[in-house]
Amino acid sequence: MNNSPIAVFDSGLGGLSVVRHLRQLLPSENLVYFGDTARVPYGIKSRPTVAQFALELAGFTMQFDPKLIVAACNTASALALDELERELPVPVIGVVNPGALAAVRLAHQESIAVIGTEATINSGSYVRAIRTISPEQNVESQPCPLFVPLVEEGRACDDPIVQLTVATYLEPLKQRDVRVVVLGCTHYPLLRDAIAAYLGSDVHIVDSGRETSLAVREHLARNGSLSSHNVPGSMSCFVSDNPQRFRRIGSRFLDEPIDDVELVEPERYVNVARLPSALR
Ligand code: DGL
């Protein structure tokens, strides 16, 4: 048993779509969330920048003595998981490998498509993760950069702009007859109904955030590190900018109201050497 919190970080508020599953699957765990709302989006940034930012966010969470860190951001997981695993003194679980594993299980050798930010797709991380599990697997990839602003703007799945955007990005995947689509971005689960309606009921949809939450539960159970509490776990949120917007928009991702949000000044996380060799 281990009653330390699980730390979760993301480029902004999207990681709350992962926290939503963690809260459902692990209701008695305490959670600490750090969203980099001052520097979002990560999905158009380069690997060195995303890796530096990810290390800073994870480094900030170390003050809470987490038993595990979840890189909820697909872009950070795709571009920086190796650095995070190397530099952090606690286990780090990213969203790419759990999503890839679920996709391979569902595909039965038929085609898989991965959708995500430009940086996630260009990194090739999902394709590598899938082919590590299933070397002959056919994998298509499609960046869908407009999905993030549409979701943050609160556009619903039946909004004509959403439907046109979904059709524009996913038409090539439909042509290629994919059987599994991996939602490789924190925001895309909020468009799930529009994506499913466009692709049809034969296509399985993998939510990397949910698969990651299952992987976290399995990891903690395997290591005897689940919380011993049988009361609902706490949740503390930290953001690098605009806590009001985080509270307002984030509650749609989390599917519950957000009460406890603290603004963190840059001197508390930027270039702070809390990790052995990173950030120097
Ligand atoms: N959290 C990011 C991801 O999952 C999406 C938003 C961003 O570009 O930072 O890739």
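For the structure given in this document, a descriptive report is provided here. These numbers were taken from a predicted model, which means no experiment stands behind them. (Residues numbered from 1 in each chain as written. Predicted model: local features only at pLDDT ≥ 70, side-chain atom pairs only at ≥ 80, totals over all residues. Heavy atoms only, no water.)

1. Some thoughts on the pattern of salt bridges
Part 1 of the reasoning: A full pass over the atoms with the stated rule returns 13 salt bridges.
Part 2 of the reasoning: Measuring nitrogen to oxygen at the nearest pair gives 2.6 Å for the salt bridge that ties E29 to K67. You can see E29 sitting in the loop between α1 (16-25) and β2 (31-35) and its partner K67 sitting in the loop between α2 (47-61) and β3 (68-71), a full 38 residues away along the chain. Across this residue pair, the class does not change: E29 and K67 are buried.
Part 3 of the reasoning: Across the pair R155 and D159 runs a salt bridge whose closest N-O atoms are separated by 3.0 Å.
Part 4 of the reasoning: On the basis of relative accessibility, which here comes to 28%, the residue R155 falls in the partly exposed class.
Part 5 of the reasoning: Salt bridges here are not isolated pairs; linked through shared partners, they connect D36, R39 and E56. (Salt bridge = Lys/Arg side-chain N within 4 Å of Asp/Glu carboxyl O. Helix = DSSP H or I, 4+ residues; strand = E, 2+ residues; numbered from the N terminus. Buried < 20%, exposed > 50% of the residue type's maximum accessible area, 1.4 Å probe, protein only.)

2. Remarks on the site of the ligand
Part 1 of the reasoning: The immediate surroundings of the ligand are formed by 13 residues, with S11, Y42, G43, T75 and T186 found nearest.
Part 2 of the reasoning: A distance of 2.6 Å separates an oxygen atom of the ligand from a polar side-chain atom of S11.
Part 3 of the reasoning: One of the backbone nitrogen or oxygen atoms of Y42 is found 2.7 Å away from an oxygen atom of the ligand.
Part 4 of the reasoning: Coverage of the ligand by the protein chains reaches 99% of its 290 Å² of free accessible surface.
Part 5 of the reasoning: The class makeup of the residues in the shell around the ligand is five nonpolar, seven polar and one charged. (Near = heavy atom within 4 Å. Polar contact = N/O pair within 3.5 Å; in protein donor to acceptor, adjacent residues only side chain to side chain. Areas by Shrake-Rupley, 256 points an atom, 1.4 Å probe, with all protein chains shown as cover. Nonpolar A, V, L, I, M, F, W, Y, C, P; charged D, E, K, R; others polar.)

3. Quick look at empty space enclosed by the protein
Part 1 of the reasoning: Under the criterion given, the structure shown has two cavities of 30 Å³ or more.
Part 2 of the reasoning: Computed from the structure, the largest cavity encloses a volume of approximately 40 Å³.
Part 3 of the reasoning: Residue assignment for the lining of the largest cavity shows that the elements contributing at least two residues are α1 and α10 (208-222).
Part 4 of the reasoning: The class makeup of the residues in the lining of the largest cavity is five nonpolar, five polar and one charged.
Part 5 of the reasoning: Put simply, the second largest cavity is a space of about 40 Å³. (1 Å grid on protein atoms, 1.4 Å probe; cavity = no way out; pocket = protein on both sides within 12 Å on 5 of 7 lines; lining within 4 Å. Points joined across faces, edges and corners; volume = space filled by probe spheres on them.)

4. Here's the deal with the packing of aromatic side chains
Part 1 of the reasoning: Under the counting rule described, the total for this entry stands at nine aromatic pairs.
Part 2 of the reasoning: Centroid distance F60 to F238: 5.5 Å. Interplanar angle 65°. Geometry classified as edge-to-face. You can see F60 sitting in helix α2 and its partner F238 sitting in strand β9 (residues 235-239), a full 178 residues away along the chain. One exposure class covers both F60 and F238, and it is buried.
Part 3 of the reasoning: Seen from their ring centres, F147 and Y188 are 5.0 Å apart, and the 80° between their planes marks the pair as edge-to-face. Here F147 is found in helix α7 (residues 147-152), whereas its partner Y188 is found in the loop between β7 (180-184) and α9 (192-199), with 41 residues between them in sequence. Both residues of the pair, F147 and Y188, count as buried.
Part 4 of the reasoning: Clustering of aromatic rings is evident, with ring pairs tying together F34, F60, F64, F238 and Y269.
Part 5 of the reasoning: The residue whose ring lies beneath R39 is F53, and the NZ or CZ to ring-centre distance is 3.6 Å. (Phe/Tyr/Trp six-rings, centres within 6.5 Å; stacked < 30°, edge-to-face > 60°. Lys NZ or Arg CZ within 6 Å of the ring centre and 35° of its normal.)

5. Description of the sheet that holds β3
Sheets are built from strands paired through backbone hydrogen bonds, the pairs being either parallel or antiparallel.
Part 1 of the reasoning: The strand order β4-β3-β1-β2-β9-β10 describes an open sheet built from six strands, whose pairing is parallel. Unpaired on one side and paired on the other, β4 (92-94) and β10 (261-263) mark the two borders of the sheet. Here the average twist between neighbouring strands, direction ignored, is 20°.
Part 2 of the reasoning: Bridging between β2 and β9 involves five bridges; their strand directions are parallel. Following the sheet pairing, Y33 is matched in β9 by C237. (Pairing = 2+ DSSP bridges. Axes fitted to C-alpha atoms, helices over the stretch in contact; angles between N-to-C directions.)

6. So, the environment of D241
Part 1 of the reasoning: Tracing the backbone shows D241 in the loop between β9 and α11 (243-254).
Part 2 of the reasoning: Classification of D241 as partly exposed rests on a relative accessible area of 39%.
Part 3 of the reasoning: In this structure the C-alpha to C-alpha distance between D241 and D36, which are 205 residues apart in sequence, comes to 7.3 Å.
Part 4 of the reasoning: Beyond its immediate stretch of four places on either side in the chain, D241 contacts T37, A38 and L263. (Contact = heavy atoms within 4.5 Å.)

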